[in-house]
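Next come the chains, spelled out residue by residue.
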Amino acid sequence: MAGETNLSTLIANMEPELSPIAFVFVTVDDLSTLNLSKVHGFYREKEGITLILEKTVADNLGLSYDFVASCITLRIHSSLEAVGLTAAFSNTLAKQGISCNVVAAYYHDHIFVDTINATKAMDALVEMTNQNNTAL
């Protein structure tokens, strides 16, 4: 099933959903000792492997981190070929002084923001959707 590519439709129907779980980004050199079912995402870089874990999992494993994030999932099935959605919501968040780290998975975009800014980010994304629906 292909995802949506029309930017106006994506914004109008993105349905941001805030997870109640706190997440962290950690780096490791080796995955062999980890239970991969506990990993929400990972990316291999030449400097190490970045993992996205629930904060409680990282704490239980004794892994250090610098950033505690909340995850906002855009519930619309966006195509990996869609143009402009990431730019649109990151620009909206930037205007609020909110940094975001984005994971574009097959079905949805997942926006990780500092937990302190989660409610403010949700408000900005909902307003962005409402403004787009008014403009249609």
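All residue numbers refer to position in the chain's written sequence, counted from 1. Side-chain atom pairs in this predicted model are given and counted only at pLDDT of 80 or more, local residue features only at pLDDT of at least 70, and totals for whole chains, interfaces and linings cover all residues. Side-chain measures were taken over the full set of non-hydrogen atoms in the model, leaving aside hydrogen atoms and water.

### Here's the deal with the sheet that holds strand 5 (residues 101–104)
In this analysis, strands are considered paired if DSSP registers two or more bridges between them. A run of H or I in DSSP becomes a helix once it reaches four residues, and a run of E becomes a strand once it reaches two; helices and strands are each numbered from the N terminus. The six strands are arranged 2-3-1-4-6-5 in an open sheet whose pairing can be described as antiparallel. The outermost strands of the open sheet, each flanked by one partner alone, are strand 2 (39–45) and strand 5. With direction set aside, neighbouring strand axes in the sheet form an average angle of 30 degrees. Relative to strand 3 (residues 48–54), strand 1 (residues 16–28) runs antiparallel, the two being bridged by six bridges. Bridge pairing links Phe 23 to Glu 54 in strand 3. Every angle, taken between N-to-C directions, lies between 0 and 180 degrees, and every axis is a line fitted to C-alpha atoms, over only the stretch in contact when it is a helix.

### Considering the pairing of strand 3
Of all the seven residues making up strand 3, five are buried; the element is thus mostly covered by neighbouring parts of the structure. Pairing of strand 2 with strand 3 involves six bridges; the strand directions are antiparallel. Each bridged residue has a counterpart across the sheet, and for Tyr 43 the counterpart in strand 3 is Thr 50. Only protein chains enter the accessibility calculation, which uses a 1.4 Å probe. A residue is then buried if its area is under 20% of the maximum for its type, exposed if over 50%, and partly exposed in between.

### Looking at the packing of aromatic side chains
Pairing of aromatic rings covers Phe, Tyr and Trp, the last counted by its six-membered ring, and requires centre-to-centre distances within 6.5 Å; plane angles under 30 degrees mean stacked, over 60 mean edge-to-face, and any other angle means tilted. Going through the model one piece at a time under the given rule, you end up with four aromatic pairs. Between Phe 25 and Phe 67, the ring centres sit 6.3 Å apart and the planes meet at 55 degrees, which makes this aromatic pair tilted. Placement of the pair is Phe 25 in strand 1 and Phe 67 in the loop between helix 2 (55–61) and strand 4 (68–74), with a sequence separation of 42 residues. Both rings, one in Phe 25 and one in Phe 112, keep their centres 5.4 Å apart while their planes meet at 85 degrees; by these two values the pair is edge-to-face. Taken as a pair, Phe 25 in strand 1 and Phe 112 in strand 6 (residues 109–114) lie far apart in primary sequence, 87 residues in all. On the basis of relative accessible area, Phe 25 is assigned to the partly exposed category, the value being 24%. With a relative accessible area of 5%, Phe 112 lands in the buried category. Grouped by ring-pair contacts, the aromatic residues Phe 23, Phe 25, Phe 67 and Phe 112 constitute a single cluster.

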